[in-house]
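# Fold and geometry: a report
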Amino acid sequence: QQQVKQSPQSLIVQKGGISIINCAYENTAFDYFPWYQQFPGKGPALLIAIRPDVSEKKEGRFTISFNKSAKQFSLHIMDSQPGDSATYFCAAPSWTSGSRLTFGEGTQLTVNP
Amino acid sequence: DAGVTQSPTHLIKTRGQQVTLRCSPISGHKSVSWYQQVLGQGPQFIFQYYEKEERGRGNFPDRFSARQFPNYSSELNVNALLLGDSALYLCASSLSGFNQPQHFGDGTRLSIL
């Protein structure tokens, strides 16, 4: 059974700062690790994802860093903006099914203007 | 292009009743997964269907059932509702469900009185 541990639970940064959220997973035979962004009253929106054949993936202000040997991956949000204030979830595929995602508990990010 | 659509958006039921939630995937997507999200937690996997067959089931009681139709839309049924079933029920679709990006709808908010 997959477990995903996400930290911190909440994060407050100033506008223009860097937000960093960390996740650790257990074993998996699959290789797709997504991050989701969720606003109140909405479903999770796919933000960025990585396959561990690379150690880093960047899309605009969002970067995923992946450490396969440590079974850890992190989300970096550069130049954080008030509009980035949301709950962020990491997810990892289960040991037995690449389509079954196990989510972290979420990080509530607040970016102060 | 339309995203994943779910209906209804909100639903209020009483204990012991039955409920049916509906999901239409993104056009061209053949896999649908259902997740339950309790307030303040990450989504939890309930079911995955691909090509109208159940391909995965999470740790939920038999009161939960689902099916997928020839047009790839899906229904989630919950019988004998309990107070603890109050949650946001999310549907996610993907091309094949295997190591593919999953895109979520905005969910159905189910409240049990």
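Our structure's up above, just so we're on the same page.
Quick summary incoming for the structure in this document. (Residues numbered from 1 in each chain as written. Chains lettered and ligands numbered in written order. Predicted model: local features only at pLDDT ≥ 70, side-chain atom pairs only at ≥ 80, totals over all residues. Heavy atoms only, no water.)

Further remarks concern a nonpolar patch on the surface. Residues and elements named next belong to chain A. Together, Ile18, Ile20 and Met78 give the surface a local cluster of nonpolar side chains, amounting to about 240 Å² of exposed area. Note on placement: Ile20 falls in strand β3 (residues 19-25). For Ile20, a relative accessible area of 36% gives the class partly exposed. (Patch = residues over 30% accessible without salt bridge, like charges linked within 9 Å, V, L, I, M, F, W, Y side chains within 5 Å. Areas by Shrake-Rupley, 256 points an atom, 1.4 Å probe, with all protein chains shown as cover. Salt bridge = Lys/Arg side-chain N within 4 Å of Asp/Glu carboxyl O. Helix = DSSP H or I, 4+ residues; strand = E, 2+ residues; numbered from the N terminus. Buried < 20%, exposed > 50% of the residue type's maximum accessible area, 1.4 Å probe, protein only.)

With 19 residues of chain A in contact, the opposing surface of chain B contributes 24 residues. Between chain A and chain B we count one salt bridge in total. The partner of Lys42(A) in a salt bridge is Asp106(B), and the shortest N-O contact between them spans 3.6 Å. The interface formed by chain A and chain B holds five residue pairs in polar contact (both at pLDDT 80 or more) in total. Listed by contribution, the elements that provide at least two residues to the side of chain A that touches chain B are β4 (33-38) and β10 (101-103) of chain A. By residue class, the composition of the side of chain A that touches chain B is eight nonpolar, six polar and five charged. (Contact = heavy atoms within 4.5 Å. Polar contact = N/O pair within 3.5 Å; in protein donor to acceptor, adjacent residues only side chain to side chain. Nonpolar A, V, L, I, M, F, W, Y, C, P; charged D, E, K, R; others polar.)

Residues and elements named next belong to chain B. Taken in spatial order, the four strands make up an open sheet running β1-β3-β8-β7, and their pairing is antiparallel. Of all the strands in the sheet, just β1 (5-7) and β7 (64-68) have a single pairing partner and so form its edges. Across the sheet, the axes of successive neighbouring strands diverge by a mean angle of 15°, strand direction being ignored. Pairing analysis gives three bridges linking β1 to strand β3 (residues 19-24), with the strands arranged antiparallel. Opposite Gln6, over in β3, you have Cys23 as the bridge partner. (Pairing = 2+ DSSP bridges. Axes fitted to C-alpha atoms, helices over the stretch in contact; angles between N-to-C directions.)

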